Amino acid sequence: TIEEGCAYAGAMEVGLPAGVVDVAWNQQELEQAVLESLQRHADPQPGEPLHKRDLQPLGLYFEAQHPSSDTCGMNALNNLCQRPHFSLSDLQSAEAAHAQAQDGGTFGGVGVGVWNAPRGFFDVEALKLAAGSADLEIVDVEPVVDYSKSRCYAF
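Residues numbered from 1 in each chain as written. Predicted model: local features only at pLDDT ≥ 70, side-chain atom pairs only at ≥ 80, totals over all residues. Heavy atoms only, no water.

A. Structural context of the overall build of the protein chain. Of the regular secondary structure elements, the protein chain holds six helices and two strands. In sequence order, the protein chain lays out its α and β elements as α-α-α-α-α-β-β-α. Looking at the 155 residues of the protein chain, the share that counts as buried comes to 21%. Long-range pairs, those at least 24 residues apart, make up 34% of the contacts in the protein chain with a sequence separation of at least 6. For the protein chain, the computed accessible surface area is about 12000 Å², with 57% contributed by carbon and sulfur atoms. (Helix = DSSP H or I, 4+ residues; strand = E, 2+ residues; numbered from the N terminus. Buried < 20%, exposed > 50% of the residue type's maximum accessible area, 1.4 Å probe, protein only. Contact = heavy atoms within 4.5 Å. Areas by Shrake-Rupley, 256 points an atom, 1.4 Å probe, with all protein chains shown as cover.)

Set out below in structure tokens:
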């Protein structure tokens, strides 16, 4: 039919394999597919989770990401420093500086400033700037199967 031909042509345009048709899913179908995917891949993880009460006697600092936040970059930097060194405003300032350096500094057409900087999902370049302000360096390293062949396998 014409509809099948159009669907096939559309699949070919976006590089889908022959016979695969790009079909728009409704919200319920999408949620069901995600649920099935999660159930299918719910393999148990090795080891057991550690809690703050387990880490403190070992002298280890751990800052968990709040479930409703997007601050994983800040949490990761603080965990590497083993103390609450970086704040949200530190990363917002770094993000504003990065935006200024990269494209003249606008967030959605509004001038650069911490007041309108993102509150999470910080650009890796902003994380590098924030780390640099504390005399730390984030090194870009491509992942390799054998860590001993990595350009950076020790701290």
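B. Layout of the nonpolar core. Within the largest apolar cluster, ten residues are counted, these being Met 74, Leu 77, Phe 86, Leu 91, Ala 94, Phe 122, Ala 126, Leu 127, Ala 130 and Ala 131. Broken down by secondary-structure element, the contributors of at least two residues to this core are helix 4 (72-81), helix 5 (88-103) and helix 6 (124-133). Of the residues forming this core, the biggest block, four residues, is contributed by helix 6. Ala 130 has contacts with Phe 86, Leu 91 and Ala 94, leaving out every residue within four places of it along the chain. (Core = buried A, V, L, I, M, F, W, Y, C linked by side-chain atoms within 4.5 Å.)

C. Highlighting the pattern of salt bridges. Here the structure, examined in full by the defined rule, presents two salt bridges. Ionic pairing is found between Lys 128 and Glu 125, a salt bridge with its closest N-O pair at 3.4 Å. Remark: Glu 125 and Lys 128 occur in helix 6; sequence separation between them is three residues, near one turn of the helix. Because the salt bridges share partners, they merge into one network encompassing Glu 125, Lys 128 and Asp 140. (Salt bridge = Lys/Arg side-chain N within 4 Å of Asp/Glu carboxyl O.)

D. Spatial organisation of the packing of helix 5 against helix 6. The contact between helix 5 and helix 6 brings their axes to 8 Å, and the two run at 115°. Handedness of the crossing formed by helix 5 with helix 6: right-handed. Of the residues in helix 6, those in contact with Leu 91, Ala 94, Glu 95, Ala 97 and His 98 of helix 5 are Glu 125, Ala 126, Leu 127, Leu 129 and Ala 130. Tallied by class, the residues present in the contact of helix 5 with helix 6 amount to seven nonpolar, one polar and two charged. (Axes fitted to C-alpha atoms, helices over the stretch in contact; angles between N-to-C directions. Left-handed = near helix turned anticlockwise from the far one by under 90°. Nonpolar A, V, L, I, M, F, W, Y, C, P; charged D, E, K, R; others polar.)

Functional significance is not addressed by these values, which are geometric in nature.
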